[in-house]
Amino acid sequence: MGFFSKIFTWWDGATIGTSLWSALNGEQVGTDLAGNRYFRAKKRVKAGQPFAGSERRWVIYAGANDASNVPAEWHGWLHGSVDGVPESRLPPPRVWEADHTPNATGTATAYRPQGALERGGRRAAASGDYEAWSPDA
Amino acid sequence: MADRAPHPDTLELRERWGSFAWTPANAEEAKKIVARYPEGRQRSAVMPLLFLAQYQVGAETNTQGWLPIPVIEFVARELDMPVIRVLEVATFYTMYNIAPVGRFHVQVCGTTPCMLRGSDDLLAACKKRGMAKGHTTDDGLWTLTEVECMGNCASAPMVQINDANYEDLTPERLDHVLDELAAGRFPKEGTQDPARHTVEPVGEPTNLAAMMTENHDYRGEW
Amino acid sequence: MPKVTIDGEQIEVPDGATVLQACELAGKEIPRFCYHERLSIAGNCRMCLVEVKPGPPKPQASCALPAAEGQEIRTDSQMVKLAREGVMEFLLINHPLDCPICDQGGECDLQDQSVAYGRGGTRYYENKRAVTEKYMGPLIKTVMTRCIHCTRCVRFSEEIAGVDEIGALYRGESMQITTYLEKAAAHELSANVIDLCPVGALTSRPYAFEARPWELKKTLSIDVSDAVGANIRLDSRGREVLRALPRINDDVNEEWLSDKGRYMVDGLTRRRLDKVWIRKGGKLQAATWLDAFAAIKRAKPGASIAAIAGDVVDCETMFAAKTLLGAMGSTLLEGRQTGMSYPTGNLAAVNFNSTLAGIETADAILIVGSHVRWEAPLVNVRLRKAVKRGAKVFVVGPHWETTFPAEFLGDDAAVVHELPGHVTEALAKAERPAVIVGGAGLAAGVLDAALALDVQRDGWNGFNVLHMAASRMGGLMLGFAQKGGIADIARAEPKVVLALGADEVDWSQFAGSLKVYIGHHGDKGAHAADIILPAAAYSEKDGTYVNTEGRVQFAEKAVFAPGDAREDWTILRALADAFGVRVGFDSLAELQAKMISEVPALGVEGLASYGKLPKAGKTKAKGAIRYPIQDFYLTNPIARASVVMQRCSAELLHGEDLAEAAE
């Protein structure tokens, strides 16, 4: 990623400001499979401010700033539902657990039902359908 | 009754019974039966002919007899009527066996008078010998059916085995009858109560006792 | 004429009427399940209970009770109300509450009557009876748990169809309706039991779970599967005809319909011609209407143009073709595709003169070369009725399975000239003798010999010709006949032949002509054609049809033709523009007005009058009679395209065991 794009864009990863702030005031607690890095503030929120006494937690995405990149186990941690990081409290992943995939809506890999033209447009039979004759038949 | 169903129409069945025809004696009998009915109403003979056919099958298989599908079709041909009409008759009357029966068809009456006099015990006695309602035992000896009133209420409870009635039964007396039959002997038909000859009152008459000696006029006592 | 009092109102009823009929006359509705006007009285559903005085002090079954002088009948008393509720409660004891998944829902007698006459709730908490499904063939779907044992189906197959195959086995609660050994019901009218069934026990298998009756558009139409012209109702949703049901017309089909007429409708959505095709280099290629018209114009037919009408076209189409050809200066019209050439100068000689209803009253019937059961199943029903009244039936032609006692006299057509003594005697002595000449008979040339038979009495004309094509009588009235039949047209070597849905023609005799097929199904005709113009089937256009007894009937348009297909007359009208000739109509109404002005009989619904029978000619009948129908279920392009008809043919006629595969 070029230096200038780092300065002028905000939609991929962290801006320079965020990176700096994270380095100074935060400590990294872990990364997930996609490479997203999870931080928490070194100090608790000061008294007199909203959420006083709680811990600030944030994520720096490995790619696009798309909240659905966060897998379920880190989602809980980020939102303060749990105290410890996922590794500390979750059982080891089962073989049948699928890897997390971000929401694909709006992308080429979005789910489309079989009636959609991108999937071949095979729709269910409807009243008025007919089978046309062709001389080869 | 609901479990009554015609024996499946299989190739083996066709092979065994497909060539069914009257024996000379039965052919004569069938002719006599059909002749009872007026011209154009020969179909009325369907019930006696089905019985005759059942007896003939019985004679061939040494049982009470039953009606395989090809035999039903034979009767239909004899009377020139649609098979479905004959099958309707054969399935309507439970006295026609539409599935094979064993050597002895034990028909236990379960209607009210017999039930009050202990037909449940008779059924239990039959079941003790391995019989089950609607089934033939594995040795092919017994088929058990519960039937409705056979008209022997005065000597209830009763059991009909093939064509013979055995009345005034207790489980012990029934056991005796079945043992005799299994041994190839034929016990006395009718009442099994040694104190009884037919259906006369047991011991002394209790009703109309005055009639014993004279033609007593009861009218004044009503 | 007994006088009875019904709910305090005195009316006079005909002799022999039942109490139920008397109540109907008085305008009272009597609920019923087993009673049916056209079947024998069974009296086993007990739904029609009414209170009758004098008589026992209990409700009586009105369907089986003769109306007698002085009866006081009440249909509105408390006793009657309670009796109906009681009967309904008993019927519902063993009837499943599966209306939401039942195809009869919405047109179910039990549903309607339980709403009208039943109790509000149930008092029955025991287990219900269940009955195993029975296989009744490819057309009838059974859910026998729903059966209420009205025995209408049993009585129909025994009395009307004459094929004893449905029966009631076992007794009491265990009673079950079934075909013998669960074989398929294999006769031409089997599906009528579906209409008769008052509940959802017998429903239509091809129509299973397709639609609800209230979402269907009902269109009055005419059946084109044979020449009887049965009155039908086409039920359609959107652009698809989902089913055909018979309408009541006592003069034509009573209330029955042949299985073919009922179930070929699924053929209307298969093998459809939906675009224009032009043969280029020996191969048909998709094209546009303009290309096709240009190609036809290039043939420059002038007066050398012919039209051959198929078996299922309407009079309007034939008249449009006739007008077009007339404008071009041609009269090469023919409708008898297979090459028959009987004289058509007097249409009375090729008409079913006794009328379909009248043949019931005949007392001696000679059938010459007609497999009536296959060529016109509904006429067969009438013949069976006639025989039940005491008629004698003789048949000249190969043996077929009759549903009534009949004597077969021989296969050779020449038998008509020297009928056995007892046959001539029976015909001579009969008060209403009839002869029925079928298509095979016409082909063997028996027309003159049959005309020579004396079958006319005062007020009775027993000379009948039984056609097989719905378009035949209409075509003959419009002049679609050459003296020498189709051979005359072949001899004229027309440059252009218009095939109006003609699929039975031997096209090799028109090798030099430009064959333009105007039709709706890709069948034999389309494969032989040089240019295909897609047209509308009988369900897709308003049309006039004339049945074999000369009865003019109108059919209405139920749905639109698929794709590029157009109504036939518009195609012929456009062709006129392409040729630069005037036909004098721009709308269907104008066409019909013109047609009626030329052939006035086509404008009046009902029997057309053809006048007196001609004198018999001298043609000798000879040769073995061969019935033209080889397969009852596949006689026309629509039926041949129908999956249901194909399956019926395979299973019922050719004995293939498809029962398992379908489940």
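In this text, all values refer to a predicted model and were calculated from it rather than measured experimentally. (Residues numbered from 1 in each chain as written. Chains lettered and ligands numbered in written order. Predicted model: local features only at pLDDT ≥ 70, side-chain atom pairs only at ≥ 80, totals over all residues.)

Student: What is the right way to look at the overall build of chain A in this model?
Tutor: The secondary structure content of chain A amounts to 4 helices and 3 strands. Listing every helix and strand of chain A by position from the N terminus yields α-α-β-β-β-α-α. In terms of overall dimensions, chain A is more spread out than a globule: its C-alpha atoms have a radius of gyration of 24 Å, far above the 14 Å expected for 137 residues. For chain A, the spread of C-alpha atoms along the principal axes amounts to about 80 × 40 × 30 Å. With 137 residues in all, chain A has 7% of them scored as buried. Within chain A, counting contacts between residues at least 6 apart in sequence, those at least 24 apart form 32% of the total. (Helix = DSSP H or I, 4+ residues; strand = E, 2+ residues; numbered from the N terminus. Rg over C-alpha atoms; globule rule 2.2 N^0.38 Å. Buried ≥ 20, exposed ≤ 12 C-beta atoms within 10 Å, placed from the backbone. Contact = placed C-beta atoms within 7 Å.)

Student: What is the right way to look at the overall build of chain C in this model?
Tutor: A tally of regular secondary structure across chain C gives 21 helices and 29 strands. The C-alpha radius of gyration computed for chain C amounts to 27 Å, which stays within 12% of the reference 26 Å derived for 663 residues, consistent with globular compactness. With the principal axes as the frame, chain C shows a C-alpha extent of 85 × 60 × 50 Å. Put simply, chain C has 663 residues, and 54% of those count as buried. Across chain C, contacts joining residues at least 24 apart in sequence account for 69% of those joining residues at least 6 apart.

Student: I'm lost on the arrangement of the chains in this one. Help?
Tutor: Among the 2 pairs of chains that make contact, the interface with the largest number of contacts is formed by chains A and C. Across all C-alpha pairs, the smallest distance from chain A to chain B is 41 Å, and the two are not in contact.

Student: Just to check I follow, could you spell out the sheet that holds strand β1 (residues 104-109) of chain B for this structure?
Tutor: Strand pairing in a sheet takes place through backbone hydrogen bonds and is either antiparallel or parallel in direction. Residues and elements named next belong to chain B. Pairing within the open sheet is mixed, and its 5 strands lie in the order β2-β1-β3-β4-β5. Of all strands in the sheet, those bounded by a partner on one side alone are β2 (142-147) and β5 (190-191). Where strand β3 (residues 159-161) and strand β4 (residues 164-167) come together, 3 bridges link them in antiparallel fashion. Counted as the bridge partner of I161 is A164 from β4. In the packing of helix α7 (residues 119-128) onto the sheet, the strands contacted are β1, β2 and β3, and the crossing angle to β1 comes to about 155°. (Pairing = 2+ DSSP bridges. Axes fitted to C-alpha atoms, helices over the stretch in contact; angles between N-to-C directions.)

Student: Is there a simple way to explain the sheet that holds strand β1 (residues 3-6) of chain C in this structure?
Tutor: All names here are of chain C. Spatially, β2-β1-β5-β3-β4 is the arrangement adopted by the 5 strands of the open sheet, whose pairing is mixed. Two strands in the sheet have a free side with no partner beyond their single neighbour: β2 (9-12) and β4 (60-61). Direction of pairing for β1 relative to strand β5 (residues 72-74): parallel, over a ladder of 2 bridges. Within β5, the residue paired with I6 across the bridge is I73. Across the sheet, helix α2 (residues 78-93) touches β3 (49-53) and β5, and the angle it forms with β3 is around 150°.

Student: Honestly, the interface of chain C and chain A in this entry has me stumped. Any pointers?
Tutor: You'll often see interface size given as the accessible area lost when the parts meet. Taken residue by residue, the interface counts 17 residues in chain C and 8 residues in chain A. The residue inventory of the side of chain C that touches chain A, partitioned by class, reads 5 nonpolar, 5 polar and 7 charged. (Nonpolar A, V, L, I, M, F, W, Y, C, P; charged D, E, K, R; others polar.)

Student: What's the story with the interface of chain B and chain C in this structure? I'm lost.
Tutor: Contacts between chain B and chain C engage 12 residues on the former and 11 residues on the latter. Per-class residue counts for the side of chain B that touches chain C are 7 nonpolar, 1 polar and 4 charged.

Student: Honestly, the pairing of strand β20 (residues 433-437) of chain C in this entry has me stumped. Any pointers?
Tutor: The side chains of a regular strand alternate between both faces of the sheet. Residues and elements named next belong to chain C. Counting buried positions over the 5 residues of β20 gives 5, a clear majority of the element. Of the strand pairs in this sheet, strand β17 (residues 364-368) and β20 are connected by 5 bridges, and their pairing is parallel. Note that in β20 the partner of V368 across the bridge is V437. For β20 and strand β23 (residues 463-465), the ladder comprises 3 bridges, and the chain directions are parallel. Residue pairing across strands places I436 opposite N464, the latter belonging to β23.

Student: Just checking my understanding: could you explain the nonpolar core for this structure?
Tutor: One broad trend across soluble globular proteins is that nonpolar side chains are buried collectively. Core analysis: the largest hydrophobic core is formed by 234 residues, its most contacted members being V75 of chain B together with I365, A450, A499, L500 and V516 of chain C. The biggest single contributor to this core is helix α8 (residues 315-328) of chain C, with 8 residues. In this structure, V516 of chain C is in contact with I296, V496, V497, L498, A499, A529, D530, I531 and L533 of chain C, ignoring residues within four places of it in sequence. Judged by nonpolar contacts, the second largest core, of 22 residues, contains C109, C114, C126 and L178 of chain B. (Core = buried A, V, L, I, M, F, W, Y, C linked by C-beta atoms within 7 Å.)

Student: Explain unusual backbone geometry here, please?
Tutor: The linkage connecting A156 of chain B with the following residue, P157 of chain B, adopts the cis geometry, with an omega of -5°. Note that the residue after K53 of chain C, namely P54 of chain C, is joined by a cis bond; omega there is -5°. Locating P54 of chain C in the fold gives a position in the loop between β3 and β4. Even without being glycine, D7 of chain C reaches a positive phi, approximately 50°.

Student: Got a minute to help me understand the confidence of the model for chain C in this structure?
Tutor: Caution applies to low-pLDDT regions: their predicted coordinates should not be interpreted in detail. Across chain C, pLDDT averages 91, with 99% of residues at or above 70. Ranking the elements of chain C by mean pLDDT puts helix α21 (residues 659-662) of chain C last, at 46, and strand β10 (residues 217-222) of chain C first, at 95. (pLDDT = per-residue confidence, 0-100.)

Student: Got a minute to help me understand the packing of helix α2 (residues 24-35) of chain B against helix α3 (residues 46-61) of chain B in this structure?
Tutor: Each pair of packed helices can be described by the angle between their axes along with the distance between the axes. Residues and elements named next belong to chain B. It is at 10 Å that the axes of α2 and α3 come closest, and there the two elements cross at 170°. Comparing the axis directions of α2 and α3 gives the class roughly antiparallel. In this structure, α2 crosses over α3, and the sense of that crossing is right-handed. The segment α2 lies against α3, with N26, E29, A30 and I33 engaging P48, L49, L52 and Q56. Per-class residue counts for the contact of α2 with α3 are 5 nonpolar, 2 polar and 1 charged. (Parallel < 35°, antiparallel > 145°, perpendicular 65-115°, else oblique. Left-handed = near helix turned anticlockwise from the far one by under 90°.)

Student: Could you clarify how one ought to interpret the environment of L220 of chain C in this entry?
Tutor: Residue and element names in this part refer to chain C. Along the chain, the position of L220 falls in strand β10. According to the C-beta neighbour criterion, L220 is partly exposed, with 14 such atoms within 10 Å. C-alpha separation for the pair L220 and R129, spaced 91 residues apart in sequence, amounts to 40 Å. Beyond its immediate chain neighbours, meaning those up to four positions away, L220 contacts R233, R247 and E556.

Student: I tried to follow the environment of Q107 of chain B on my own but got confused; where do I start?
Tutor: Residue and element names in this part refer to chain B. When you line up the elements, Q107 lands in strand β1. Given 22 C-beta atoms within 10 Å, Q107 falls into the buried group. Measuring from C-alpha to C-alpha, the distance between Q107 and T145 comes to 4.8 Å, with 38 residues separating the pair along the chain. Once you skip the residues sitting within four places of it in the chain, Q107 turns out to touch T145, V147, V159 and Q160.

Student: I would appreciate a short explanation of the environment of R46 of chain C in the present structure.
Tutor: Within the fold, R46 of chain C resides in the loop between α1 (19-25) and β3. For R46 of chain C, the residues in contact, after removing those within four places along its chain, are A61 and V87 of chain C.

Student: It is not clear to me how helix α17 (residues 568-579) of chain C should be interpreted in this structure. Could you clarify?
Tutor: What sets the pattern is the α-helix's 3.6 residues per turn: residues three or four places apart point alike. Residues and elements named next belong to chain C. With 12 residues, α17 should cover 16 Å at 1.5 Å per step; its first-to-last C-alpha distance of 17 Å lies within 8% of that length. Listed as buried for α17 are D568, W569, I571, L572, R573, L575 and F579. Of the surrounding secondary structure, the elements contacted by the buried residues of α17 are α7 (289-298), α8, β24 (496-500), β25 (514-519), β26 (531-534) and α18 (588-598). One or two steps after α17, the chain reaches G580, where phi turns positive at roughly 75°. (Expected span 1.5 Å × (residues − 1).)

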